[in-house]
Amino acid sequence: MNLKKYLVRALHRLQKGPGYTYKELLVWYCDNTNTHGPKRIIKEGPKKKLIWFFLTLLFASLVFWQWGILINTYLSYNVTSSLSIGFKTMKFPAVTICNANPFKYSEVKPLLKELDRLIEAALERILQPTPGNSSENVSLPLDLELWNQIPLVLIDEHDKDNPIILDIFETNQTAAGSETAMDNRTSVSRLPALCPQCSHQGSDNCTYRNFSSAAQAVTEWYILQSTSILSKVPLHEKIRMGYQAEDMILACLYGAEPCNYKNFTQIYHPDHGNCYIFNWGMDEEALNSSNPGAEFGLKLILDISQQDYIPYLSSAAGARLMLHQQKSFPFLKDQGIYAMAGTETSIGVLVDELERMGYPYSDCTVNGSDVPVKNLYSQYNTSYSIQACLRSCFQTHMVEICGCGHYMFPVPEGVNYCNNEDNPGWAYCYSSLRSSIKQRQICIDSCKETCNDTQYKMTISMADWPSEASEDWIFHILSYERDMSTNVTLDRNGIIKLNIYFQEYNYRTISESAATTIVWLLSSLGGQFGFWMGGSVLCLIEFGEIIIDSLWITIINVISWCKGLKQRRARYPDAPPTVSQLVEAHTNLGFQHEAVGAVPRAEALPPEPGTPPPNYDSLRVQPLATLGPDSGTDTE
């Protein structure tokens, strides 16, 4: 009940308003505020009033200017980075090793037989362009079905103004300006090399790629064709055709503990075939390392079997390796390094730990749950990374636009990989999508960096291994351990030794913290206000109070004006009267002079009689002597 009375009284008070005019309210504020300056404006003389008014206005402007700078600095959400370096017991990184060649040529040769014959014949035509000098004339007939899907032609640019297109498997020559030649032929040249893909055979919608060498164009053409062929091979067959762990990993030692190929996790990588990951942390706890130096790291001896490489697919020989976090997918094409055959490669590791501030200081994500792109690499049970997001985004767009997925990336459930038979225009669609700046920007805007990231900085050194003095006995031992043979089955072209270990300082932590906080903002704002105006938080409350009172005065004035306007409209429903009409309405008709020829007074006057003039005896002017004793006036 008391609460109800209080609320009613408060409502009445609010309805009543402050009850001041603007001038009275301003004078009251200046006289009662705790802020220095306004009091002097109303209490000093005229000259000092002007001086203090100018100083108060100047310092108030400085305060608002400083406040704007401070608030803008706070809203920029800047961060400060701190760096710490040292050595501590840390998880040893996951180590992924692959062969630079994805498949054994002896296993995949039947699938690539026709493709190899085509590329060999094309190379003969390129190297021996004169008719009749090629040995292809006596060979078996070529199956040009693959060739017609993405054909290659030569461009002779000796005459820059009139380049000539030479079809490799046809004898006709066509000027480069010919519309038919440019529309229906894919080109490779001796000088500039072009490799276009069309949306479908015979289409005018084609994409041309320039190369500085025919070797680059031929390699690109072979990759496109082999991708189409291998996309139709089941996964278990591709794993079988790759390098097996027991053949590739000859020796393993972690610290003082021996290990073997069984300590590695096998995955299939589209670029490199079978890959093997040490210390991935999927099935068991990750291994820790508490000491620096090569004797406490991982030592491996690998056999890459270089003699079984695919000649036109892999032009580099060696092992491809990458250090990464546990439970993360290895993107070797972008982040991996090569280890050369016939060498001992030592890799000193420094761990960079980056701890970013979250929103709004930096646009990062903790686990990728707030990223709009579906992570296609989740089928490997790996954690989120920006590389996985970018590739998933590209593959999603390719499935939507091209109707199939690229062989190098995972595909959503129910989607097939692209091939020339089912998707004749996939190469053109893929090339157009890959070169699209708009598509790339969409993926960049959609994907985010992880807030907590670990990167491995490597210091690499190499030396020949084994030496000429020791290679005989080393190759004998390794050959016997792998093949149980007394004959040497290994050579320098296939052997690689790796040493991976922590350096003397094994970690470098870069952490981010907010450069400006709400506490910093409030203290800075108060400091500026107190320095320039001598004010405090109470002064701001007083200023807020006068603003509220001004609003109430304004509201009351508006309400009063509206009421007055409503009353005037009720009094004069029609057009408002003129001034002469208002004067005439207030004129006493009883004192108006009669005009000549006017209507008789009895008819003009209203029925009620007019008020007679006053008749006061006190207004008569008489001499005092004439007043008698009966006049009612007292005399002394």
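Residues numbered from 1 in each chain as written. Predicted model: local features only at pLDDT ≥ 70, side-chain atom pairs only at ≥ 80, totals over all residues. Heavy atoms only, no water.

## A few points about the overall build of the chain
Phase 1: For the chain, the helix and strand inventory stands at 19 helices and 23 strands.
Phase 2: Here the contacts in the chain between residues at least 6 apart in sequence split such that 71% fall between residues at least 24 apart.
Phase 3: Approximately 38300 Å² of the chain is accessible, and the part contributed by carbon and sulfur atoms is 56%. (Helix = DSSP H or I, 4+ residues; strand = E, 2+ residues; numbered from the N terminus. Contact = heavy atoms within 4.5 Å. Areas by Shrake-Rupley, 256 points an atom, 1.4 Å probe, with all protein chains shown as cover.)

## Concerning the UniProt feature "transmembrane region" (unreviewed entry) in the chain
Phase 1: UniProt records the feature "transmembrane region" (unreviewed entry) for residues 50-75 in the present numbering.
Phase 2: Spanning residues 50-75, this segment combines 100% helix with 0% strand, and its end C-alpha atoms are found 38 Å apart. (UniProt positions renumbered as here; feature names shortened; annotations may be inferred.)

## Regarding the side chain of threonine 343
Phase 1: Along the chain, threonine 343 falls in strand β19 (residues 343-355).
Phase 2: At 2.5 Å, the side chain of threonine 343 forms a polar contact with the backbone oxygen of methionine 340.
Phase 3: With residues near it in sequence (within four places) discarded, threonine 343 still touches Met462, Ala463, Asp464, Trp465, Ile495, Ile496 and Lys497. (Polar contact = N/O pair within 3.5 Å; in protein donor to acceptor, adjacent residues only side chain to side chain.)

## Some details on a nonpolar patch on the surface
Phase 1: Taken together, Leu83, Ile85 and Tyr505 make up a surface patch of nonpolar side chains, about 340 Å² in accessible area.
Phase 2: Within the secondary structure, leucine 83 sits in strand β1 (residues 79-86).
Phase 3: On the accessibility criterion, leucine 83 (56% relative accessible area) is exposed. (Patch = residues over 30% accessible without salt bridge, like charges linked within 9 Å, V, L, I, M, F, W, Y side chains within 5 Å. Salt bridge = Lys/Arg side-chain N within 4 Å of Asp/Glu carboxyl O. Buried < 20%, exposed > 50% of the residue type's maximum accessible area, 1.4 Å probe, protein only.)

## Quick notes on the packing of aromatic side chains
Phase 1: Counted under the stated rule, the structure contains 20 aromatic pairs.
Phase 2: Ring centres 5.1 Å apart and planes at 70° place the aromatic pair phenylalanine 331 and tyrosine 377 in the edge-to-face group. Here the residue phenylalanine 331 occupies a position in the loop between β17 (319-324) and α11 (332-335), and tyrosine 377 occupies one in the loop between β20 (364-365) and α12 (386-402), the gap between them amounting to 46 residues.
Phase 3: In this structure tyrosine 377 comes out as buried when scored by relative accessible area, which is 4%.
Phase 4: Centroid distance phenylalanine 394 to phenylalanine 409: 5.8 Å. Interplanar angle 75°. Geometry classified as edge-to-face. One end of the pair, phenylalanine 394, is in helix α12; the other, phenylalanine 409, is in the loop between α12 and α13 (426-434), and 15 residues separate them in sequence.
Phase 5: A connected cluster of aromatic rings, assembled from ring pairs, spans Phe92, Tyr254, Phe264, Phe278 and Phe502.
Phase 6: Between the NZ or CZ atom of arginine 320 and the centre of the ring of tyrosine 338, over which it lies, the distance is 4.4 Å. (Phe/Tyr/Trp six-rings, centres within 6.5 Å; stacked < 30°, edge-to-face > 60°. Lys NZ or Arg CZ within 6 Å of the ring centre and 35° of its normal.)

## Observations concerning the sheet that holds strand β18 (residues 337-339)
Phase 1: Across the sheet, which stays open at both edges, the five strands sit in the order β13-β14-β3-β17-β18 with antiparallel pairing between neighbours. With partners counted over all chains shown, the strands left at the sheet margins are β13 (264-269) and β18, one partner each. Ignoring strand direction, the axes of neighbouring strands in this sheet form an average angle of 30°.
Phase 2: Relative to β18, β17 is paired through three bridges, and the arrangement is antiparallel. Residue pairing for β18: alanine 319 is matched across the bridge by alanine 339. (Pairing = 2+ DSSP bridges. Axes fitted to C-alpha atoms, helices over the stretch in contact; angles between N-to-C directions.)

## Side note on the pairing of strand β16 (residues 298-303)
Phase 1: In terms of burial, β16 is largely enclosed, as five of its six residues are buried.
Phase 2: Both strand β11 (residues 249-254) and β16 contribute to a ladder of five bridges, which runs antiparallel. Bridging across to β16, cysteine 252 finds its partner in leucine 300.

## Considering the state of the cysteines
Phase 1: This model, assessed by the stated rule, comprises seven disulfides.
Phase 2: One disulfide bridge connects cysteine 364 with cysteine 451, the sulfur atoms lying 2.1 Å from each other. Here the disulfide of cysteine 364 and cysteine 451 is right-handed, its torsion about the S-S bond being about 90°. A residue pair is termed long-range when its members are at least 10 positions apart, and cysteine 364 in strand β20 and cysteine 451 in the loop between β21 (449-450) and β22 (452-464) qualify at 87 residues. Each member of the pair cysteine 364 and cysteine 451 is classed as buried. (Disulfide = S-S within 2.5 Å.)

## Focus: the nonpolar core
Phase 1: Phe103, Val108, Trp221, Tyr222, Ile310, Met398 and Trp426 are the most contacted members of the largest nonpolar core, which has 52 residues in total.
Phase 2: Of all the secondary-structure elements, those providing two or more residues to this core are β3 (94-99), α5 (105-127), α8 (214-230), β13, β14 (273-278), α12 and α13. (Core = buried A, V, L, I, M, F, W, Y, C linked by side-chain atoms within 4.5 Å.)

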